[in-house]
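Structural description and commentary
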Amino acid sequence: MTAFQSFVKLEGSSGILLLVCALCALAWANLDSGSYQSLLQMTVGFRIGNFEMTKSLHHWINDGLMAVFFLLVGLEIKREFLVGELAEPRKAMLPVAAALGGAAIPALLYLLFNFGGPGASGWAIPAATDIAFALGILALIGRRAPVSLQIFLAALAIVDDLAALVIIALFYTEKISWVPLGWAAGILVFLFILNRQGVRPLPFYLIPGLFLWLAIFKSGLHATLAGVLLAIVIPSWTRQTPAGFVSEVTKVLNSHDPSGPLPENFIHSQGAQDALHHVEMECKMVQPPLLRLEHLLHPWSAFLIIPVFALANAGVTIQSAELLLDPVALGVMVGLVLGKPIGILGACYLAVRFGGASLPEGTGWNHIVGVSLLAGIGFTMSLFIAGLAFTDIASVEAAKLGVLVASTVAGGLGATLLIRAGSQDPESSRDHRRGNFES
């Protein structure tokens, strides 16, 4: 629980920075669109012998930096299915149902505005939830939002991310080159063998991971999928048992337990340094490489990658308010603001009423309504999918504006409702958890 609260605190801080970067991008794009676009279209690349790779800065951010973000997403998904909220089928039922309902209904509502039209390919834009923004708002609400509700939202958003990844792989890949894809498969097999042979040092996975990214990029699949595939083969097991860890560390501490006060220079002695090194190695052995990499990447993702992505993708040039009446913008807004709560709330009701699921401890249906509104904050993944769905600038701009407006409205409504709901005690919410939806 303490680890999760630290995670929420990090995501909350990231959400604030994300908002600042989005506002800066919006202001920059409308005050000086020329310099904003020229920076994003600046060519950046490298050459090694006859091999040359040059892309725009915007392309490197969306395909390069975001691959690291998707690696982190993949690690979080894997951890949740191994030891988190998704590890037990009964506990996983509610967030999984909520995520699927919250992805399907927004997509259908979007198609009501765009079916058969040029904007139909953007149906997946309102299907995604931004975990940083949503958890950031919950963190700002504080004690009014029970920790169990935060865990539910995190699990929901992770399943939502998994669904978005599957959608990107299946529906937003134009053409596949089989030779690079074969190289990618070979690298994955090699990494899987390393995992099965007990190889734990992360460089043995991250360095081949760079070549995996390049092979995926050349294959025609979106390069960010390399991050998810790499996460699958990162070891999740420990070399040392918890009991063995406690025993070894206790031996080290007991062997350096002086009878009198410690001298000031004790820590610099060879014996103390050897003991510290021993304890450090035991800590590495008891912590899975998956968790070590996740902890390493979290600050970089929260405070660099996602804010830079927001700065590069949230800049929408608003020529007139009529852009909000574009079918793409309308579909995105209705999908996120109405589709998300309808889909999540309906799926949760069915899971509780007929599937034997229960609401998170200390929460009632009013909390679920509030969280379902917060899930309408699409931002990062929605903006990402918008860039994949459209090639014409007008549709991209309409989709981005719809995402920004809908995320603002959904976040405001969700926060207001959760603040009013407060934190219920378990006794008062017992009937709600049993499925008394009408109350």
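Note that the coordinates shown come from a computational prediction; the quantities given were computed from them, not determined experimentally.

With that settled, consider the overall build of the protein chain. A tally of regular secondary structure across the protein chain gives 17 helices and two strands. Counting across all 439 residues of the protein chain, residues that qualify as buried make up 50%. Residue pairs in contact within the protein chain that sit at least 24 positions apart in sequence constitute 82% of those at least 6 positions apart. About 20700 Å² of surface is accessible on the protein chain, with carbon and sulfur atoms providing 67% of the total.

Next up on the list: the environment of Leu-359. With respect to the helices, strands and loops of the structure, Leu-359 is situated in the loop between helix 13 (327-354) and helix 14 (365-374). Residue class for Leu-359 comes out buried when judged on its relative accessible area of 3%. Expressed as a C-alpha distance, the spacing of Leu-359 and Ser-148, which sit 211 residues apart in the sequence, is 9.3 Å.

The next point concerns the pairing of strand 2 (residues 51-56). Remark: a regular strand shows side chains that alternate across the two faces of the sheet. Sheet topology places strand 1 (residues 43-48) next to strand 2; six bridges connect them, and they run antiparallel. Bridging from a neighbouring strand, Phe-46 pairs with Met-53 of strand 2. The loop that links strand 1 with its antiparallel partner strand 2 comprises two residues; one of these, Gly-49, has a positive phi angle of about 65°.

Where charged atoms from two side chains of opposite charge approach closely, those side chains can pair. This structure, assessed with the given rule, holds four salt bridges. Of the charged contacts in the structure, one is a salt bridge between Arg-47 and Glu-52, with a shortest N-O distance of 3.4 Å. Relative accessible area serves as the criterion here: at 44%, Glu-52 is assigned to the partly exposed category. Taking the shortest distance from any N to any O, the salt bridge between Glu-80 and Arg-79 comes out at 3.2 Å. Since its relative accessible area comes to 9%, Glu-80 is described here as buried. Here the residues in one salt-bridge network are Arg-79, Glu-80 and Glu-294, joined through shared partners.

Right, let's talk about the packing of helix 14 against helix 16 (residues 393-421) for a bit. At their nearest, the axes of helix 14 and helix 16 sit 7 Å apart, and the two run at 160° to each other. Classified by the angle between their axes, helix 14 and helix 16 sit roughly antiparallel to one another. Read as a crossing pair, helix 14 and helix 16 show a hand that is left-handed. On helix 16, the residues that touch Asn-366, His-367, Val-369, Gly-370, Val-371, Leu-373 and Leu-374 of helix 14 are Ala-410, Gly-411, Leu-413, Gly-414, Ala-415, Leu-417, Leu-418 and Ala-421. Grouping the constituent residues of the contact of helix 14 with helix 16 by class yields ten nonpolar, five polar and no charged.

Working definition: an aromatic ring pair is given by the centre-to-centre distance plus the angle between the planes. Evaluated as defined, the whole model comprises ten aromatic pairs. With a centroid separation of 5.3 Å and an interplanar angle of 70°, the aromatic rings of Trp-28 and Tyr-36 are classed as edge-to-face. Consider the rings of Phe-70 and Phe-384, whose centres lie 5.3 Å apart with planes at 50°: the pair is tilted. Of this pair, Phe-70 sits in helix 3 (residues 57-83) while Phe-384 sits in helix 15 (residues 379-389), placing them 314 residues apart in sequence. With respect to class, Phe-70 is no different from Phe-384; both count as buried. Ring pairing ties together the aromatic residues Phe-46, Phe-51, Trp-60, Trp-213 and Phe-217, which thus form one cluster.

Let's shift gears to unusual backbone geometry. Even without glycine at this site, Phe-379 takes up a positive phi of about 30°. Structurally, Phe-379 is set in helix 15. For Phe-379, a relative accessible area of 2% gives the class buried.

Turning next to the packing of helix 13 against helix 16. Where helix 13 contacts helix 16, the axes come no closer than 8 Å and their chain directions differ by 25°. As summarised for this structure, helix 13 and helix 16 are arranged roughly parallel, according to the angle between their axes. Crossing geometry of helix 13 relative to helix 16 is assigned as right-handed. Seen from helix 13, the contacting residues are Val-328, Ala-329, Val-332, Met-333, Leu-336 and Val-337; seen from helix 16, they are Ser-395, Ala-398, Ala-399, Gly-402, Val-403, Val-405, Ala-406 and Val-409. Broken down by class, the residue content of the contact of helix 13 with helix 16 amounts to twelve nonpolar, two polar and no charged.

On to a nonpolar patch on the surface. A grouping of Ile-16, Val-20 and Leu-140 is seen on the molecular surface, where their side chains present a nonpolar patch of about 290 Å² in accessible area. Under the relative-accessibility criterion, Val-20 is labelled partly exposed at 41%.

Taken across its ten residues, helix 14 has eight buried, putting it largely inside the fold. Within the span of helix 14, buried status applies to Trp-365, His-367, Ile-368, Gly-370, Val-371, Ser-372, Leu-373 and Leu-374.

Residue placement: Ile-77 occurs in helix 3. Relative accessible area serves as the criterion here: at 8%, Ile-77 is assigned to the buried category. A sequence separation of 151 residues divides Ile-77 from Val-228, and the C-alpha atoms of the two residues are 9.2 Å apart. Among residues more than four places away in sequence, those in contact with Ile-77 are Ile-158, Leu-162 and Leu-165.

This next bit is on the confidence of the model for the protein chain. Considering every residue of the protein chain, the mean pLDDT works out to 84; 89% of them sit at 70 or more. Of all helices and strands in the protein chain, the one with the weakest mean pLDDT is helix 17 (residues 430-433) (44), whereas helix 13 scores best (95). Below pLDDT 50 for its whole length, residues 423-439 participates in 40 contacts with residues either more than four positions away or in separate chains.

It is worth spelling out the nonpolar core at this point. With 119 residues, the main nonpolar core has Phe-70 and Phe-379 as its most contacted residues. Sort the elements by how many residues they give to this core and helix 6 (residues 147-171) lands first, with 13 residues. The residues contacting Phe-70, other than those within four sequence positions of it, are Leu-165, Ile-168, Thr-224, Gly-227, Val-228, Met-381 and Phe-384.

Thresholds applied
- Residues numbered from 1 in each chain as written.
- Predicted model: local features only at pLDDT ≥ 70, side-chain atom pairs only at ≥ 80, totals over all residues.
- Heavy atoms only, no water.
- Helix = DSSP H or I, 4+ residues; strand = E, 2+ residues; numbered from the N terminus.
- Buried < 20%, exposed > 50% of the residue type's maximum accessible area, 1.4 Å probe, protein only.
- Contact = heavy atoms within 4.5 Å.
- Areas by Shrake-Rupley, 256 points an atom, 1.4 Å probe, with all protein chains shown as cover.
- Pairing = 2+ DSSP bridges.
- Salt bridge = Lys/Arg side-chain N within 4 Å of Asp/Glu carboxyl O.
- Axes fitted to C-alpha atoms, helices over the stretch in contact; angles between N-to-C directions.
- Parallel < 35°, antiparallel > 145°, perpendicular 65-115°, else oblique.
- Left-handed = near helix turned anticlockwise from the far one by under 90°.
- Nonpolar A, V, L, I, M, F, W, Y, C, P; charged D, E, K, R; others polar.
- Phe/Tyr/Trp six-rings, centres within 6.5 Å; stacked < 30°, edge-to-face > 60°.
- Patch = residues over 30% accessible without salt bridge, like charges linked within 9 Å, V, L, I, M, F, W, Y side chains within 5 Å.
- pLDDT = per-residue confidence, 0-100.
- Core = buried A, V, L, I, M, F, W, Y, C linked by side-chain atoms within 4.5 Å.

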